[in-house]
Amino acid sequence: MFGTSGIRGIYGKDITEELALKIGNVFSKDNLFVARDLRQSGVTLSIAVSAGALAAGSDVIDIGIAPTPTLAYAARAGRGIMVTASHNPPEYNGLKLVENAKEIGKKLEQEVIEEYNKPIIRSDIGDFSHNSEVIEEHKQMILGMVDRKLIEKKKPKIIADCNGAAAVITPYLLSELGCKVVSVNSSLECFNRPSEPNETNLAHLLDIVRETGADFGIGHDGDGDRCVIIDEKGSMLPFDVQLAMMIEHELERSSNKRIVSTVEASLAIREVVEKNGGKIEITPVGSTYVGDSIEKNNALFGGEPCGEYIYSGGVHVPDAPLAVAKFVEIFCEKGKFSELRKKYKENFIAREKFQAKEKHNTVEKVKKSLNIDGKVRDDDGVRIDEADGWLLVRASGTEPVVRLTMEYKTKEKLEKRKGEIKTLIEMHL
Ligand code: MG
């Protein structure tokens, strides 16, 4: 039922009102916070979640459209359900279950699955209320975590493409910080572009930033837990460069030197942690693992090279509006991103995906037939670290695909290894 980030699937087939009602019923405690992204199906699904929780006797606080980190902020001392399929297409939807500002772990997921199979819980019906003030409170939390004086002095011009739930917070946050903001795709009615913030889906934003002379641009995913940065020349920063930049910024400002990232962490990320006297903790892919590890290791910051950033002083799910405010701070302190990015070594990186009927089976078979010459880590697919690069073959947590990620110091080596591994994966699909 659960993937790497909650329950997700096609609306009407995998994700139904019946399922939402039952999850709301078994997961709610004394109270339950409920929020959703823009998807049309989110309307009925969030009502179903609320109905299930109310029937179980819980009080429901409906936030309406809000990003996942805002829902996590609301549920910092309680439980919440976010109705979203994150960056997946509009026909998808899903539920992210949050407790104490963090997505729930495997143990609690197991408990939910066990309860799910029992009859519905009925008790005195709880109270239902709306509360969107928590969006303002989350914004205030963020404002307290950056250097406002520095930002007010520089007043950068930013193009914000929220295309989803973050439209209720990011443009206002930037404006309150003193930035000049131009908001595009900020409708709360529907998505205006595919939800995943990547170079193809953000092609228009690259043009707008370049043509309007903005200092930079930002793009979010559907539930506002991812962000990408476009430099003033209209070029998107690679995810691992963004992450390396953020890690360096955080390490420079704190005596806590513990950083968390995942098996997808590139050489640039490992190098920047080392160079700044940090210590890196590596987890399987998924913000749940990163959030857990931050708490367990009392770490400063954790991030994944997909635009997800978790700050120890904030909520323990990726907080993209906060990350945007931090990038504004970086810009105001260090200048143009087109210049700053040159500081971070860009190796040759390839990311491929393969449709797979039995994704876990494929990964197992590839693992067995790999000719391994290097350090191996296999708690999430298989990652091989070699002298001049690394590769990772893993099953996606949210889609029926096997992912291949690799990074090498030379293009020749990357292409050679890619050819070999691709053949091996295709043999076992
Ligand atoms: Mg997301």
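Read on for an overview of the structure. (Residues numbered from 1 in each chain as written. Predicted model: local features only at pLDDT ≥ 70, side-chain atom pairs only at ≥ 80, totals over all residues. Heavy atoms only, no water.)

**Examining the overall build of the protein chain**
Along the backbone of the protein chain there are 15 helices and 20 strands. The C-alpha atoms of the protein chain give a radius of gyration of 21 Å, which matches the 22 Å a tight globule of 429 residues would have. For the protein chain, the spread of C-alpha atoms along the three principal axes comes to 65 × 55 × 40 Å. Taking all 429 residues of the protein chain together, 60% fall into the buried category. (Helix = DSSP H or I, 4+ residues; strand = E, 2+ residues; numbered from the N terminus. Rg over C-alpha atoms; globule rule 2.2 N^0.38 Å. Buried < 20%, exposed > 50% of the residue type's maximum accessible area, 1.4 Å probe, protein only.)

**Some details on the coordination of the magnesium ion**
Taken together, the protein ligands of the magnesium ion are Ser86 (OG), Asp221 (OD), Asp223 (OD) and Asp225 (OD), with distances of 2.0 to 2.2 Å. Spacing between the donor residues of the magnesium ion along the chain follows S-x134-D-x1-D-x1-D. On the accessibility criterion, Asp221 (0% relative accessible area) is buried. Taking relative accessible area as the criterion, Asp223 reaches 0% and is therefore assigned buried. (Donors = N, O, S within 2.8 Å, 3.2 Å for Na, K, Ca; no water.)

**With respect to the sheet that holds strand β12 (residues 258-262)**
Within a beta sheet, neighbouring strands are joined by backbone hydrogen bonds and run either parallel or antiparallel to one another. Pairing within the open sheet is mixed, and its 4 strands lie in the order β13-β12-β14-β15. With one partner strand each, in any of the chains shown, β13 (279-283) and β15 (308-311) form the two edges of the open sheet. Averaged over neighbouring strand pairs, the angle between their axes works out to 20° when direction is ignored. With 4 bridges joining them, strand β14 (residues 301-304) and β15 adopt antiparallel strand pairing. Counted as the bridge partner of Gly302 is Ile310 from β15. With respect to the sheet, helix α10 (residues 267-275) is in contact with β12 and β13, its orientation differing from that of β13 by roughly 145°. (Pairing = 2+ DSSP bridges. Axes fitted to C-alpha atoms, helices over the stretch in contact; angles between N-to-C directions. Contact = heavy atoms within 4.5 Å.)

**Quick word on unusual backbone geometry**
Phi angles above zero are rare outside glycine, and Asn163 is one such case at about 40°. Within the secondary structure layout, Asn163 lies in the loop between β8 (157-161) and α7 (170-176). A relative accessible area of 0% places Asn163 in the buried class. Positive phi values are uncommon outside glycine, yet Asn185 reaches one of about 50°. By the secondary structure assignment, Asn185 is in the loop between β9 (180-184) and α8 (203-212).

**As for the pairing of strand β18 (residues 382-386)**
Most of β18 sits inside the fold, with 4 of its 5 residues counted as buried. By the bridge criterion, 3 bridges tie strand β17 (residues 375-377) to β18 in an arrangement that is antiparallel. Each bridged residue has a counterpart across the sheet, and for Lys375 the counterpart in β18 is Asp385. Here β17 hands over to β18 after 4 residues, with Gly381 in that stretch at a positive phi of 70°. Linking β18 back to strand β19 (residues 389-395) in an antiparallel pair, the connection comprises 2 residues.

**Looking at the nonpolar core**
Ile63, Ile247, Phe301, Tyr309, Phe327, Val328 and Phe337 are the most contacted members of the largest nonpolar core, which totals 75 residues. Considering every element that reaches this core, the biggest residue donor is helix α12 (residues 320-334), with 10 residues. Formed jointly, this core draws a minimum of three residues from each of two domains, domain 1 (7-131) and domain 2 (138-343). Residues Ile7, Leu45, Leu95 and Leu108 belong to the second largest nonpolar core, which totals 23 residues. (Core = buried A, V, L, I, M, F, W, Y, C linked by side-chain atoms within 4.5 Å. Domains from an automatic or database assignment.)

**Concerning the sheet that holds β18**
Reading across from one edge, β16-β20-β19-β18-β17 is the order of the 5 strands in this open sheet, with antiparallel pairing throughout. With partners counted over all chains shown, the strands left at the sheet margins are β16 (348-355) and β17, one partner each. Across the sheet, the axes of successive neighbouring strands diverge by a mean angle of 10°, strand direction being ignored. Examined bridge by bridge, β18 and β19 share 5 bridges and lie antiparallel to one another.

**Notes on the environment of Leu21**
Looking at the element boundaries, Leu21 is found in helix α1 (residues 17-27). C-alpha separation for the pair Leu21 and Gly52, spaced 31 residues apart in sequence, amounts to 4.4 Å. Apart from residues lying up to four places away in sequence, Leu21 is in contact with Ala48, Val49, Ala51, Gly52 and Ile120.

**Side note on helix α14 (residues 359-369)**
Among the residues of α14, Lys359, Thr362, Val363 and Val366 are the ones counted as buried. Summarising the axial view, the buried residues of α14 lie within an arc of 100°, below the 170-degree limit, and thus occupy one face. Across α14 from its buried face, at more than 90 degrees, point the exposed residues His360 and Lys368. Against β19, β20 (401-408) and α15 (411-427) lie the buried residues of α14. (Arc of directions from axis to C-beta.)

**What about the packing of helix α9 (residues 239-252) against α10?**
One way to put it is that α9 packs onto α10 with a least axis distance of 9 Å and a crossing angle of 15°. The angle between α9 and α10 places the two elements in the roughly parallel class. Here the hand of the crossing between α9 and α10 comes out right-handed. Of α10, the residues touching α9 (which contributes Asp240, Leu243, Ala244, Ile247, Glu248 and Leu251) are Ala268, Ile269, Val272, Val273 and Lys275. The residue inventory of the contact of α9 with α10, partitioned by class, reads 8 nonpolar, no polar and 3 charged. (Parallel < 35°, antiparallel > 145°, perpendicular 65-115°, else oblique. Left-handed = near helix turned anticlockwise from the far one by under 90°. Nonpolar A, V, L, I, M, F, W, Y, C, P; charged D, E, K, R; others polar.)

**A few points about the environment of Leu206**
With respect to the element layout, Leu206 can be found in helix α8. Discounting residues that sit within four places of it in the chain, Leu206 has contacts with Glu199, Ile230, Gly234 and Met236.

**Side note on the side chain of Lys418**
Among the structural elements, Lys418 can be located in helix α15. In this structure Lys418 touches Ala350, Glu352 and Met406, once residues within four positions along its chain are discounted.

**Quick word on the pattern of salt bridges**
Considering all chains together, one arrives at 38 salt bridges under this definition. Notably, a salt bridge pairs Asp37 with Arg39, separated by 2.9 Å at the nearest N-O pair. Summarising the burial analysis for this pair, Asp37 and Arg39 share the class buried. One salt-bridge network, held together by shared partners, links Glu352, Lys411, Glu415, Lys418 and Lys422. (Salt bridge = Lys/Arg side-chain N within 4 Å of Asp/Glu carboxyl O.)

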